[in-house]
Amino acid sequence: FLSYLHLVFDNCITIIIAVIAVIQITFMGSFGDYFASFNLLLSIIIILLFLIDFNLVVYFTLVSGLLLDIYSSLPFGLFMFSMFFSISISYFLLLNFFTNRSFYSVIFVGLSAILSFNVIFLIFSGITYLFGFSDFYIDKSYWFKLVYQMINTLIILSILFFIINLFSRKFKPNFVRS
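For clarity, every value in this text was computed on a predicted model and none was experimentally measured.

Draft legend 1. Structural view of the overall build of the protein. Scanning the protein from terminus to terminus reveals seven helices and zero strands. Listing the helices and strands of the protein from first to last along the sequence gives α-α-α-α-α-α-α. Taken over 178 residues, the protein has a buried fraction of 42%. Contacts in the protein between residues at least 24 apart in sequence constitute 66% of all its contacts with a sequence separation of at least 6. Carbon and sulfur atoms form 73% of the exposed surface of the protein, whose accessible area is close to 10,700 Å².

Shown next, in the form of structure tokens:
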């Protein structure tokens, strides 16, 4: 029965991630530069990194990267690789440096995920541009969008942290009594 519940949970999260991907791809980009800089998928995956097993987070990361790659004009796999490596870096930081699952941990892991995602994205897109596979290049507006993306990710992570903190004990510290 528990394996059935896990299967239902995994399928529900996959559907939610697909809906968020559709919202991010179709609606967010049509509201201007500020709203286009919301990275809802990465924010949700960062929160999931704190809540569920890393293997499931990798699965959801690859699914969301795949959905972004399908609708992108950039070379296939660019978003999937960038998201995978940024979540792997975030998981490493979560395990080794930000172990207490506090609000500050969520914020710093989120910022590191956004920065590592953009660095990896720029490296891979730069390589594809050099080999002529892509016409993506960086202009001045990219850096403004990056700042907007960091601010928006902090807002989303803060809201999600406090909502989860109201209804769950996942982010509450447990003290050992002697």
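Draft legend 2. Broad picture of the packing of aromatic side chains. Tallied over the entire structure, the rule returns 15 aromatic pairs. Ring centres of Phe103 and Phe162 lie 5.2 Å apart, and the angle between their planes is 25°; this geometry places the pair in the stacked category. With Phe103 in helix α6 (residues 103–130) and Phe162 in helix α7 (residues 140–167), this pair connects stretches of sequence that are 59 residues apart. A network of ring pairs unites the aromatic residues Phe81, Phe84, Phe85 and Phe124 as a single cluster.

Draft legend 3. Local environment of the side chain of Ser105. Relative to the elements of secondary structure, Ser105 occurs in helix α6. Beyond its immediate stretch of four places on either side in the chain, Ser105 contacts Phe50, Phe98 and Asn100.

Draft legend 4. Expanded view of the packing of helix α3 (residues 40–51) against α7. Remark: α3 packs on α7, axes separated minimally by 10 Å, with the N-to-C direction vectors making an angle of 40°. Regarding the angle of α3 to α7, the classification is oblique. Crossing of α3 over α7 shows right-handed handedness. Side by side, α3 and α7 meet where Leu40, Ser43, Ile44, Ile46, Ile47 and Leu51 of the first sit next to Thr153, Ile156, Leu157, Leu160, Phe161 and Ile164 of the second. Across the contact of α3 with α7, the residue classes break down as ten nonpolar, two polar and no charged.

Criteria and cut-off values
Residues numbered from 1 in each chain as written. Predicted model: local features only at pLDDT ≥ 70, side-chain atom pairs only at ≥ 80, totals over all residues. Heavy atoms only, no water. Helix = DSSP H or I, 4+ residues; strand = E, 2+ residues; numbered from the N terminus. Buried < 20%, exposed > 50% of the residue type's maximum accessible area, 1.4 Å probe, protein only. Contact = heavy atoms within 4.5 Å. Areas by Shrake-Rupley, 256 points an atom, 1.4 Å probe, with all protein chains shown as cover. Phe/Tyr/Trp six-rings, centres within 6.5 Å; stacked < 30°, edge-to-face > 60°. Axes fitted to C-alpha atoms, helices over the stretch in contact; angles between N-to-C directions. Parallel < 35°, antiparallel > 145°, perpendicular 65-115°, else oblique. Left-handed = near helix turned anticlockwise from the far one by under 90°. Nonpolar A, V, L, I, M, F, W, Y, C, P; charged D, E, K, R; others polar.

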